[in-house]
Amino acid sequence: MSEVNDFGYLDTTLEVLRRVEKEQQENIEKAGALMADAIANDRLIHVYGGGGHTTLVMGEMFFRAGGLANINPIMETGLSVFNQAIKYLELERCVNYGRSIMKYYRLEKDDLLIIFHNIGINPATIDAAMEAKERGAKIIAVSSSLWQTEMPADHFIRHPNGRNLFDFADVAIDDYNPVGDCAVTVPGFETPIAPNSNLVDFYIAHRLEIEAVRICVERGIVPPVWHSANAPGGDEFNAHYIEKYRSRVKML
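About the cut-offs
Residues numbered from 1 in each chain as written. Predicted model: local features only at pLDDT ≥ 70, side-chain atom pairs only at ≥ 80, totals over all residues. Heavy atoms only, no water. Helix = DSSP H or I, 4+ residues; strand = E, 2+ residues; numbered from the N terminus. Rg over C-alpha atoms; globule rule 2.2 N^0.38 Å. Buried < 20%, exposed > 50% of the residue type's maximum accessible area, 1.4 Å probe, protein only. Contact = heavy atoms within 4.5 Å. Areas by Shrake-Rupley, 256 points an atom, 1.4 Å probe, with all protein chains shown as cover. Expected span 1.5 Å × (residues − 1). Salt bridge = Lys/Arg side-chain N within 4 Å of Asp/Glu carboxyl O. 1 Å grid on protein atoms, 1.4 Å probe; cavity = no way out; pocket = protein on both sides within 12 Å on 5 of 7 lines; lining within 4 Å. Points joined across faces, edges and corners; volume = space filled by probe spheres on them. Nonpolar A, V, L, I, M, F, W, Y, C, P; charged D, E, K, R; others polar. Core = buried A, V, L, I, M, F, W, Y, C linked by side-chain atoms within 4.5 Å. Phe/Tyr/Trp six-rings, centres within 6.5 Å; stacked < 30°, edge-to-face > 60°.

Caption draft 1: Examining the overall build of the protein more closely. Within the protein, the secondary structure is distributed over nine helices and five strands. When the elements of the protein are put in sequence order from the N terminus, they spell out α-α-β-α-β-α-α-β-α-β-α-β-α-α. Rg of the C-alpha trace for the protein: 19 Å, near the compact-globule value of 18 Å for 252 residues, within the 12% margin. In terms of overall dimensions, the protein has C-alpha extents of about 55 × 50 × 35 Å along its principal axes. Expressed as a percentage of the 252 residues in the protein, the buried residues total 47%. Counted over contacts in the protein with a minimum sequence separation of 6, partners at least 24 positions apart contribute 79%. Put simply, the protein shows about 12500 Å² of open surface, and 54% of that area lies on carbon and sulfur atoms.

Caption draft 2: Seen up close, helix 8 (residues 197-218). In this model, helix 8 (22 residues) spans 31 Å end to end at C-alpha, consistent with the 32 Å of a helix rising 1.5 Å per residue. Of all the residues in helix 8, the buried ones are Ser197, Val200, Asp201, Ile204, Ala205, Arg207, Leu208, Glu209, Glu211, Ala212, Ile215 and Cys216. Summarising the contacts, the buried residues of helix 8 are in contact with helix 1 (9-23), helix 2 (25-40), helix 3 (56-61), strand 3 (112-116), strand 4 (138-143) and strand 5 (171-174). Among the residues trailing helix 8, glycine 220 stands out with phi positive, at a value near 80°.

Caption draft 3: The pattern of salt bridges, seen in detail. This structure, assessed with the given rule, holds 18 salt bridges. A salt bridge links arginine 163 to aspartate 167; the shortest N-O distance between them is 3.4 Å. By relative accessible area, arginine 163 is classed as partly exposed at 33%. Residue class for aspartate 167 comes out partly exposed when judged on its relative accessible area of 42%. One salt-bridge network, held together by shared partners, links Glu21, Arg207, Glu211, Arg214 and Glu218.

Caption draft 4: Summary view of the layout of surface pockets. One number sums up the size of the largest pocket: a volume of about 410 Å³. If you list the elements that add at least two residues to the lining of the largest pocket, you get helix 4 (85-91) and helix 8. The dominant element in the lining of the largest pocket, judged by the number of residues it contributes, is helix 8, at three residues. The calculated volume of the second largest pocket comes to roughly 250 Å³. Together, 13 residues line the second largest pocket, and Leu44, His46, Tyr105, Asp111 and Arg248 are the ones closest to its centre. Residues of the lining of the second largest pocket, tallied by class, amount to three nonpolar, four polar and six charged.

Caption draft 5: Inspection of the nonpolar core at higher detail. Of all hydrophobic cores here, the largest spans 40 residues; its most connected members are Met35, Ile45, Ile114, Ile140 and Ile173. Methionine 35 has contacts with Ile45, Met61, Leu68, Leu112, Ile114, Ile140, Leu208, Glu209 and Ala212, leaving out every residue within four places of it along the chain.

Caption draft 6: Seen up close, the packing of aromatic side chains. Enumeration over the complete set of coordinates arrives at six aromatic pairs. For the pair phenylalanine 62 and phenylalanine 63, a centre-to-centre distance of 6.2 Å together with 45° between the ring planes defines the contact as tilted. Relative accessible area serves as the criterion here: at 15%, phenylalanine 62 is assigned to the buried category. Centroid distance phenylalanine 237 to tyrosine 241: 6.1 Å. Interplanar angle 65°. Geometry classified as edge-to-face. With phenylalanine 237 and tyrosine 241 both in helix 9 (residues 234-245) and four residues apart, the pair spans about one turn of that helix. We classify phenylalanine 237 as partly exposed; its relative accessible area is 36%.

Treat this as a map of the structure, not an account of what it does.
This is the structure:
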């Protein structure tokens, strides 16, 4: 058997994860405190992905064993990978589409919204952030400073107003996703491959949950956390949270 060669994929991914842990720790702590505040005040934590594969982070945070039960995924199939690819690509570049989604979910003053979009410049992301801020919501933004600063100001995928997601964030967490979203180049093949942005964003999502739970415990608050529905006693344990959140979380 030949030696496995991942062309640096594992090392590159671990390097980004360690950079997040080292450089974004303070922001993760601030975001965790906002999440703990929402739990303490019996508020939902709304989660939105601004298009394409960033919508998958909502699924990772929602109804997940060991995850928070008060997560409300702002799930719009039209923007997700479960829509036809060319269609969702067009929709995430469509001005005001993100606003209409936020209007439907009726965010209110002091609600908490986590927005994931590792590019952070497209209309579906920027319009959603603007609508949420105008409604008085607090925003935790997980995105890449590299895309936001390195993409040309007049690039066609940008929102016409030229704003970046971090412009609207109460707390900004950098996932360091490089322009092009790929981590590997195989010698002899010119096109880069192997994105790792979702691995990094999933890690950040779970770090936020860890931090929120840690702060809740320090404050003497019992955080609402799902058990695995597939483990013995899981359904029975989760029944209380389903009853509590079913009328409030649209995807339950």
